[in-house]
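# Structural overview for review
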Amino acid sequence: MIVVTGATGNVGGELVRTLTSAGERVVAVSRHPAPLPDGVPHHVADLADPESLRPALDGADALFLLVAGDDPEGILSAAKESGVRRVTLLSSLGVGTRPDAYRHAESFENAVRGSGLDWTILRSGGLNSNAYAWAASIRADRTAAAPFGAVGLPMVDPADVAEVAAAALREEGHGGRTYELTGPSLVTPRDRAVAIGAALGTPVRFVEQTRDEARAQMLAFMPEPVVEGTLAILGEPLPAEQRVSPDVERVLGRTPRPFTDWAARMVGAFR
């Protein structure tokens, strides 16, 4: 049995569907209920309270873990005591490129490496699903606002991250590995707006934000160090942050999906 935390999120939801389609028994964990595939039990838990996770872990072999809460050792101890043997952590590329801004994720990585479990770490690049932040404005007046409109990053499809996670949770050979997960090419914010417009069949106008405008918007839902690190990546990416990683293809045996594929699949969110 595999426990998926964050099971109603962009990666977690894809992972639940991928695992159940492969015939795996899955327990979905999140703070709030949401629609799930038929037959998948849901457990309400908050990773800030490791004890709330214990009932979901009973009988589990593997755990998909998010960076959430402040007690990774407590979560991992509960997992080991419940018989979990394998853990896959969804982390961030920023841990490797800007560790000062991503100390929270780094603490989870360190805890996973020291857990004694068979571990795999997935350092994800920016997710294509970040474009959902534009959904309301695109629906309202076909506009999309972001800073650094001409700066490209290798954004990754949440479905690709989920498929790599499923492989790490189900297969041998991924223990002790840290995978960097990106898309197949650099995509700018302007490119993403154009792709969504093409999927809709009507143009989306791109509006360039200033750094300060973007910072104020992001502070509403992100801690300040993460905001500053994110803005630095978006505006002045390091070579390592623009590198297209081969790891998705190494694990899945195919190239990562492009942003245009994601936009076509998810176009309903922007109508």
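As shown above, the structure is provided for reference.
These numbers were taken from a predicted model, which means no experiment stands behind them.

## Remarks on the overall build of the protein chain
Within the protein chain, the regular secondary structure consists of 13 helices and nine strands. Against the globule reference of 18 Å for 271 residues, the protein chain gives a C-alpha radius of gyration of 18 Å, in line with a compact fold. By its C-alpha atoms, the protein chain is 50 × 40 × 35 Å across when sized along the principal axes. Per-residue burial for the protein chain yields a buried fraction of 50% across its 271 residues. In the protein chain, 72% of the contacts between residues at least 6 apart in sequence involve partners at least 24 apart.

## Considering the nonpolar core
Membership of the largest hydrophobic core comes to 27 residues, with the highest contact counts inside it found for Val4, Leu15, Leu19 and Phe64. With seven residues, helix H7 (residues 158-170) is the single largest residue contributor to this core. Not counting residues within four places of it along the chain, the set of residues in contact with Val4 comprises Gly12, Leu15, Val16, Leu19, Val26, Val27, Ala28, Val29 and Phe64. Among the nonpolar cores identified, the runner-up in size contains 25 residues, and Val29, Ala45, Leu65 and Ile121 belong to it.

## Topic: the packing of helix H3 (residues 72-81) against helix H5 (residues 103-113)
Contact pair H3 / H5: the axes reach a minimum separation of 9 Å and the direction vectors enclose 30 degrees. At the point where H3 passes H5, the crossing takes the right-handed sense. Of the residues in H5, those touching H3 at Pro72, Glu73, Ile75 and Leu76 are Ser107, Phe108, Ala111 and Val112. Its residues placed into classes, the contact of H3 with H5 shows six nonpolar, one polar and one charged.

## Some thoughts on helix H1 (residues 10-21)
Taking 1.5 Å as the rise per residue, H1 with 12 residues should run 16 Å; its terminal C-alpha atoms sit 17 Å apart, in good agreement. Looking only at H1, the buried set comprises Val11, Gly12, Gly13, Glu14, Leu15, Val16 and Leu19. Of the surrounding elements, those touching the buried residues of H1 are strand S1 (2-5), strand S2 (26-30), strand S4 (62-66), strand S5 (86-92), H7 and helix H13 (259-265).

## A look at the side chain of His174
The residue His174 is located in the loop between H7 and strand S8 (177-181) in this model. Owing to a relative accessible area of 8%, His174 belongs among the buried residues under this scheme. Within the structure, the side chain of His174 is placed 3.2 Å from the side chain of Glu171, a separation counted as a polar contact.

## Overview of the sheet that holds S8
Here we have seven strands laid out as an open sheet, ordered S3-S2-S1-S4-S5-S6-S8, and parallel in their pairing. Where the open sheet ends on each side, the last strands, each with one partner, are strand S3 (42-44) and S8. Here the strands of the sheet are splayed against their neighbours by 20 degrees on average, with no regard to which way each runs. When strand S6 (residues 118-124) meets S8, the two strands line up parallel, connected through five bridges. When the sheet's bridge partners are listed, Ser124 is paired in S8 with Leu181.

How each quantity is defined
Residues numbered from 1 in each chain as written. Predicted model: local features only at pLDDT ≥ 70, side-chain atom pairs only at ≥ 80, totals over all residues. Heavy atoms only, no water. Helix = DSSP H or I, 4+ residues; strand = E, 2+ residues; numbered from the N terminus. Rg over C-alpha atoms; globule rule 2.2 N^0.38 Å. Buried < 20%, exposed > 50% of the residue type's maximum accessible area, 1.4 Å probe, protein only. Contact = heavy atoms within 4.5 Å. Core = buried A, V, L, I, M, F, W, Y, C linked by side-chain atoms within 4.5 Å. Axes fitted to C-alpha atoms, helices over the stretch in contact; angles between N-to-C directions. Left-handed = near helix turned anticlockwise from the far one by under 90°. Nonpolar A, V, L, I, M, F, W, Y, C, P; charged D, E, K, R; others polar. Expected span 1.5 Å × (residues − 1). Polar contact = N/O pair within 3.5 Å; in protein donor to acceptor, adjacent residues only side chain to side chain. Pairing = 2+ DSSP bridges.

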